[in-house]
Amino acid sequence: MSTTVTTAAAPRVFGSGIRRREDPRLVTGTARYTDDITLPGMVHAAILRSPHAHARIRKIDTARAKASPGVLAVYTAPDIEGHLKPIPCLWLVPNTDLKIGTYSPLATDTVRYVGDCVAVVVGETSYQAYDALELIDVDYEPLPAIIDPEKAAGPGAPQVHADIANNQAFHWTVAGGDVDAAFKSAEIVVKDRIIQQRLIPTAMETRSAVAQYVPATGELTLWNTTQNPHIVRFACSVVTGIPEDRLRVIAPEVGGGFGSKIAQYPGEFLAVFCSKKLGRPVKWTESRSENYQATTHGRDHIQDVELAATRDGRITGLRCTVWAGMGAYLSTAAPGIPTILHGLMLSGPYQIPAVKEDVYGIYTNATPVEAYRGAGRPEATYMLERLIDRLARELQMDPADVRRKNLIPRFDNGFDVVTGLKYDSGNYEGALSAALDRVKYKELRAEQARLRKEKKYIGIGVTTYVEICGLGPSQVAGAVGFQGGLWESAIVRFHPTGKVNVFIGASPHGQGEETTFAQIVSDELGVSVEDVKVVHGDTDVTPMGWGTYGSRTTAVGGAALAIATRKIKDKAKALTAHLLEAATEDIDYAGGKFFVKGSPDQFKTIQDIALLANIAWNLPQGMEAGLEATTFYDPPNFSYPFGSHVAVVEIDAETGRTTLKRYVAVDDCGPQINPVIVEGQVHGGVVQGIGQALWEECVYDENGQLLTGTLADYAVPRADQLPDIEVLSTVTPSPNHPLGVKGIGEAGTIASTATVYNAVIDALAPFGVKGLRMPLTPERVWRAIQEGQKGA
Amino acid sequence: MNPAEFEYYRAGSLDEAHRLLKSHPGAKLLAGGHSLLPLMKLRLARPSAVVDIGRIAELKGISFKGDTLRIGALTTHAEIASSGDVALAAPALAEAAAWVGDQAVRNRGTIGGNVSHADPASDLPTVLVAAGASFVVVGPRGERTTEAADFFQGLMQTSLADDEILTAVLVPAVKQDEGAAYVKFSHPASRYAVVGAAAFVTAPGGTCEAARVAVGGLVPRPIRAASVESALAKQKLSPETIEKAAAQVGKDLGDDLLGDIFASAEYRRAVAAVYVKRAIAAAADRIRR
């Protein structure tokens, strides 16, 4: 594969596809998830959820439920008053007139979506708790509901929160260049209305919490399936009033999150409340049906977009208005998704001189939305890539040529973008060429033309993308209203035997950092990978960190770790100098050995140093005992991975069914610590994005009832629907990261939705189809073909 | 998800199962559990008692009785899909069994439970109707045999009485000059048939002598497509004659087609003809010459 930069001395473990050490416990079923935790005396909570999308609660009668066998307690809103505060929103995007609707853990007088929490039951067994739910009598007065975010913003729409006019949570704007002039002087303008349908993240493990409050000490331990235990600790302290120092949050094995486990929810706080009230450990685990109703969803945009260009295909301006459905409440990070993570990436990898976007965040009677793999960037990439294909069609140009014409030329250290961001490094043209070469693009187009004559319809989709991840500089976090920092931390601790524990603040849940972080330590310090154990997910054990999302764990936490290992190296050099009676600056390190320059035969290994530093019999004056280093790393910039993807599809014109024939992903995340793990991340990401293009849609009816409430209705991708994904890469290091690495967790998703969409629309060109609503179900495609044949 | 409270009984024999059914009115039979248990967990079904017949040996196994394949009601989809006898004598059934759910479902789910549940979008009923299969049913009044086409009466409704147990499925083996196939358009989430089409075509020398065609997923029970069958009769089989005959399926479907957010009734009607065409073509292709 084309490599734009090669690193000098090839490291040994960095870059090798060693097997994931996480996998044996996962594939043998011995991993312990939150729901696997059982404590002595533990009881079970179940939540009564609203069956209405919008209703006033006239009366709740819990008498029958309380009398039900095994029931210890039934709590409703008045019971938690003064004990649980509303769930906080933690991304308060500034200059948006942000209005936060009160998100009470239990509904007080109004329910606002199907799944809103109304009461909680605690039973000796979960069966008894579930049985008692049916015995709670709630007198609802149903109210009109609103699901469509654009209509919700309009006059006369039902009001989700009485104190928030027009359901408007916020209005955010980004602008750069003279967009009005660009459109005035445009030689061609293409317009589109795009529906970014609502998606359900569908992590394999549903949400779960075990709360153990010990009255004698006032200490709480909360096992919780989360992507960010330290944020849970902070939020839990705010909501429950338990001081942070008495609060321990443990994220055991976490079975996927995709953003849905960033958010703070009523469930875990209600479990804490019940444990505190009853003095017994309380477990709460949602069912899949609850997960679909009440764990956060993603996307849900209506986008009106227009692109200005010259007749030779140069893009001169981009203008759009977005109605972003937020659901009934503002989830933890929700306001930042359609704004900061979406609007700032409007111009993608292209030189677009003028852009403007208005984003309206709108309350609806639907499940709250949150980050969902890609979080804002897929919505931006899709918008732009769909419009570029449309422009190419209008201009009768090849879509790859239009892209090439507009790409930002290669840069290695910073490029200022029209939205105000500074991309770190990029070689977009290189990735595009690599993808096109792989599929033999010219021949493929010729083949397509030949097949069309036989009434066989293949389509080719090409996209180039850049994304923002590795969140991010804390100063920027503050400037954009994120209620926390975005640095990461690492502790490297050598034991006397030379074995190493790494403690990290981030909280991997499937991304493989137990392996890749051991690889970093191994290379930096000359210990075997097997001698390094990475510890994460326990706030009493690990240093503070902000969590695993936004493809930031390796990009930020990995940097913290690399720097911590270098501190270890410095101390090892100082101790070696002392032992070998040399000056520290004369000590060299190579191949796991510390020695005086020019005398490599006399050396100390890191294991020698670990023992000597820990026993401390002979340390230089002023040197502390132990061999341990801590780093808190705040990145100077975000990281901007990029790439180019190509999809080839075939449409069955008789039925409208799409078959994916090929999928080529060229991604550039800088140097790869473990290419097998990178490939796995690309696979998963690509597949999730394809899901949006072809199969997935969360559907509500006009009354706000969830019609896709089970896995028999909501279609997640399956292996037999997919081709082998051809994963390639280019390597362009980040100038900001000590190891040059960028994030890769979301790249696949960001590119693949648009790629597959463009391929299907390309296949349908003979029928005059210009655009369709996603997902591209067989019926939608079939109808488009029928219409096209009518018109022909 | 937790089901509502129920009593559980395990029957060691068919007689014991009958006794348990009699003494527990409203009890449901449990075999592989892949239709009943999901409904119970969603609390859409709440039987007071469940009679587990899953270990009754006499209900298991595949055997030949002359030219008829006898498949015990407890035979799993996986066993049917991988049986050499079924592949030879009833290839369309093997094909349909391999389409059911996913591997885990096929390992547990049984043919008896599947047909007794009578989901109109299920695969096996469609094939069994086309195959001219019959079902052996045992009740307090003794044993009776019923045609598959009469057994399925409506949406999840069969001719089984509350005290009767389906014990075996009898499938006539495909004959000389006969070919059979099942093709399916799966719902991407549930994997049930949006359209399932089964065709059995007898065509010595390429001319259709007899055809049995059935479709599922379209109306509340699997039905024979009589208009298609008669349009095929005496026809020299060619892509054109097959397409023309398949296009008749609309007449057999009536006006009340099933439809949902994934596939409307109108769409299903249109693609039904396509799948019927493909099933007939595949069946014709397989005729042993």
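Residues numbered from 1 in each chain as written. Chains lettered and ligands numbered in written order. Predicted model: local features only at pLDDT ≥ 70, side-chain atom pairs only at ≥ 80, totals over all residues.

Caption draft 1: Local environment of the interface of chain B and chain A. The partner chain A presents 19 residues to the 15 residues of chain B that form the contact. For the side of chain B that touches chain A, the class distribution of residues is eleven nonpolar, three polar and one charged. (Contact = placed C-beta atoms within 7 Å. Nonpolar A, V, L, I, M, F, W, Y, C, P; charged D, E, K, R; others polar.)

Caption draft 2: Structural context of helix α17 (residues 553–579) of chain A. Residues and elements named next belong to chain A. With 27 residues, α17 extends 37 Å from end C-alpha to end C-alpha; this agrees with the ideal 39 Å at 1.5 Å per step. Here α17 lies mainly inside the structure; 19 of its 27 residues are buried. Two residues or fewer after α17 comes Glu-581, characterised by a positive phi angle close to 55°. (Helix = DSSP H or I, 4+ residues; strand = E, 2+ residues; numbered from the N terminus. Expected span 1.5 Å × (residues − 1). Buried ≥ 20, exposed ≤ 12 C-beta atoms within 10 Å, placed from the backbone.)

Caption draft 3: Broad picture of unusual backbone geometry. Residues and elements named next belong to chain A. The residue after Leu-471, namely Gly-472, is reached through a cis peptide bond having omega -25°. Of note, Gly-472 is situated in the loop between β18 (457–466) and α15 (474–479). With a phi close to 55°, Gln-396 is a non-glycine residue in the positive phi region. Mapped onto the fold, Gln-396 is located in the loop between α11 (377–395) and α12 (399–406).

Caption draft 4: Structural view of helix α13 (residues 265–285) of chain B. Residues and elements named next belong to chain B. An ideal rise of 1.5 Å per residue puts 30 Å on 21 residues; α13 measures up with 30 Å between its terminal C-alpha atoms. Taken as a whole, α13 carries its principal kink of about 25° at Val-271. The element α13 is largely enclosed, with a buried count of 16 among its 21 residues. (Bend = angle between axes of the 7 residues up to and from the residue.)

Caption draft 5: Quick look at the confidence of the model for chain A. Overall, the prediction assigns chain A a mean pLDDT of 96, with 98% of residues at 70 or greater. Across residues 1–10 of chain A, where pLDDT falls below 50, the model places 18 contacts with residues more than four positions away in sequence or in other chains. (pLDDT = per-residue confidence, 0-100.)

Caption draft 6: Looking closely at the nonpolar core. A:Ala45, A:Val121, A:Val502, B:Ala199 and B:Val276 are the most contacted members of the largest nonpolar core, which totals 351 residues. No other element matches α13(B), which puts 13 residues into this core. Ignoring any residue separated from it by four or fewer positions in sequence, one finds A:Ala45 in contact with A:Val120, A:Val121, A:Val122, A:Ala129, A:Leu270, A:Ala271, A:Cys274, A:Val282, A:Lys283 and A:Trp284. (Core = buried A, V, L, I, M, F, W, Y, C linked by C-beta atoms within 7 Å.)

Caption draft 7: How the structure looks around the environment of A:Leu135. All names here are of chain A. Along the polypeptide, Leu-135 turns up in the loop between α4 (126–133) and β6 (137–142). Overall, the presence of 18 C-beta atoms within 10 Å leaves Leu-135 in the partly exposed class. Not counting residues up to four positions away in its chain, the partners in contact with Leu-135 are Arg-64, Ala-65 and Ser-68.

Caption draft 8: Molecular detail of the pairing of strand β26 (residues 642–652) of chain A. Residue and element names in this part refer to chain A. In terms of burial, β26 is largely enclosed, as nine of its eleven residues are buried. Summarising the sheet, β18 and β26 pair through ten bridges and their orientation is antiparallel. What sits directly across from Val-462, in β26, is Val-646. Relative to strand β27 (residues 657–668), β26 runs antiparallel, the two sharing eleven bridges. Residue pairing across strands places His-645 opposite Ala-665, the latter belonging to β27. Joining the antiparallel neighbours β26 and β27 is a turn of four residues, in which Gly-656 adopts a positive phi near 80°. (Pairing = 2+ DSSP bridges.)

Caption draft 9: Highlighting the sheet that holds strand β1 (residues 7–10) of chain B. Residues and elements named next belong to chain B. Within the open sheet, the three strands sit side by side as β1-β3-β2. Their pairing is parallel. Each edge of the sheet is formed by a strand with only one pairing partner; in this case those strands are β1 and β2 (28–30). When strand polarity is set aside, the average angle formed by the axes of neighbouring strands in this sheet is 30°. As paired elements, β1 and strand β3 (residues 49–52) share four bridges and run parallel to each other. (Axes fitted to C-alpha atoms, helices over the stretch in contact; angles between N-to-C directions.)

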